[in-house]
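Summary of structural features
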Amino acid sequence: MPTDANTALRAREFALVKGYVTRLFDPARPALHGPLHWRRVNKFGRRLAVHTGADVAVVCLFAWFHDAYREDDGDDPDHGRRAAMAVDALHGDLFHLSTDALEKLRYACAYHADGYVSSDATIGTCWDADRLDLGRVDIVPAPEFMSTAAARRITELNLPRGATRGSAAQFMGGLRKRRPTE
Ligand SMILES: [Fe+2]
Ligand SMILES: [Fe+2]
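The present account deals with the structure reproduced in this document. (Residues numbered from 1 in each chain as written. Chains lettered and ligands numbered in written order. Predicted model: local features only at pLDDT ≥ 70, side-chain atom pairs only at ≥ 80, totals over all residues.)

Topic: the nonpolar core
In terms of nonpolar packing, the biggest core is built from 38 residues, with V59, L61, F62, F65 and A108 touching the most fellow members. By residue number, the principal contributor to this core is helix α3 (residues 56–65), which donates eight residues. Residue contacts for V59: discarding those within four places in its chain leaves G45, R46, A49, A54, T122, T125, C126 and A129. (Core = buried A, V, L, I, M, F, W, Y, C linked by C-beta atoms within 7 Å. Buried ≥ 20, exposed ≤ 12 C-beta atoms within 10 Å, placed from the backbone. Helix = DSSP H or I, 4+ residues; strand = E, 2+ residues; numbered from the N terminus. Contact = placed C-beta atoms within 7 Å.)

What about the environment of L90?
Looking at where L90 falls in the secondary structure, it is placed in helix α4 (residues 79–90). With 16 C-beta atoms counted inside 10 Å, the residue L90 sits in the partly exposed group. Along the chain, L90 and V17 lie 73 residues apart, while their C-alpha atoms are 8.9 Å from each other.

As for the packing of α4 against helix α5 (residues 99–111)
The contact between α4 and α5 brings their axes to 6 Å, and the two run at 155 degrees. Between α4 and α5, the crossing angle belongs to the class labelled roughly antiparallel. Of the two possible hands of crossing, α4 and α5 adopt the one that is right-handed. Two secondary-structure elements touch here, α4 through G80, R81, A83, A84, V87 and D88 and α5 through L105, R106, C109, A110 and Y111. A class-by-class count of the residues in the contact of α4 with α5 yields seven nonpolar, one polar and three charged. (Axes fitted to C-alpha atoms, helices over the stretch in contact; angles between N-to-C directions. Parallel < 35°, antiparallel > 145°, perpendicular 65-115°, else oblique. Left-handed = near helix turned anticlockwise from the far one by under 90°. Nonpolar A, V, L, I, M, F, W, Y, C, P; charged D, E, K, R; others polar.)

Describing the packing of α5 against helix α6 (residues 121–131)
At a closest axis distance of 10 Å, the pairing of α5 and α6 adopts a crossing angle of 35 degrees. The element α5 and its partner α6 pack so that their crossing is right-handed. Along the contact surface, α5 presents K104, Y107 and A108, while α6 presents T122, I123, C126 and W127. Residues belonging to the contact of α5 with α6 are distributed by class as follows: five nonpolar, one polar and one charged.

Topic: helix α1 (residues 3–24)
Residues separated by three or four positions in an α-helix point in the same direction, a consequence of the helix having 3.6 residues per turn. Taking 1.5 Å per residue as the helical rise, α1 with its 22 residues ought to reach 32 Å, and the 32 Å between its terminal C-alpha atoms agrees with that figure. Within the span of α1, buried status applies to V17, K18 and V21. One side of α1 carries all its buried residues, which in axial view fall inside an arc of 100 degrees. Opposite its buried face, α1 presents the exposed residues D4, A5, A8, A11, R12, A15, G19 and R23, each directed more than 90 degrees away. Those residues of α1 that are buried are in contact with α3. (Expected span 1.5 Å × (residues − 1). Arc of directions from axis to C-beta.)

Quick look at α4
Here α4 is twelve residues long and its end C-alpha atoms lie 16 Å apart, about the 16 Å a rise of 1.5 Å per residue gives. For α4, the complete set of buried residues consists of H79, G80, A83, A84, A86 and V87. Each buried residue of α4 sits inside an arc of 160 degrees when the element is viewed along its axis, so together they form one side. The exposed residues of α4 that point more than 90 degrees off its buried face are D88 and A89. Buried-residue contacts for α4 involve α3 and α5. One or two residues past the end of α4 sits G92, with phi positive at roughly 90 degrees.

Have a look at this one:
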């Protein structure tokens, strides 16, 4: 299939997944882990992937899925495992990935909230994109909890609390400035 057709197909799949999980979300409940967070994770992940070489399709799908099966904004240690089950259930219907990419998406969702880091570029980029949005709850993302060098560089900028909230362009500025030295 030509690249343009592949890109269009992928964009349609992203839109299907985004629409599906957004409809699941109860707009009446607090949204610390809701659609605006998913959108920022998507934006951070895409930007990080330029530097990390991550599989962008996995990173984008992670953004939409990873917190979509939370019950609320409280302690919900199994929400990642539920997201991984949804990934399995919806693969082949809403979206299509290779076996390897599907396994990475499933793993990234299942364990994203357990405090791990990963040496895998794709899984690490997923987790870093999520943690870079901790500014929304006034937590400054720490370098030791980042998996990729690109995300560690951002966190070493010592951004003020809340710097990521609604300010993705500002937050990712450090990456853009440092890119030529890579
Ligand atoms: Fe989560
Ligand atoms: Fe999240």
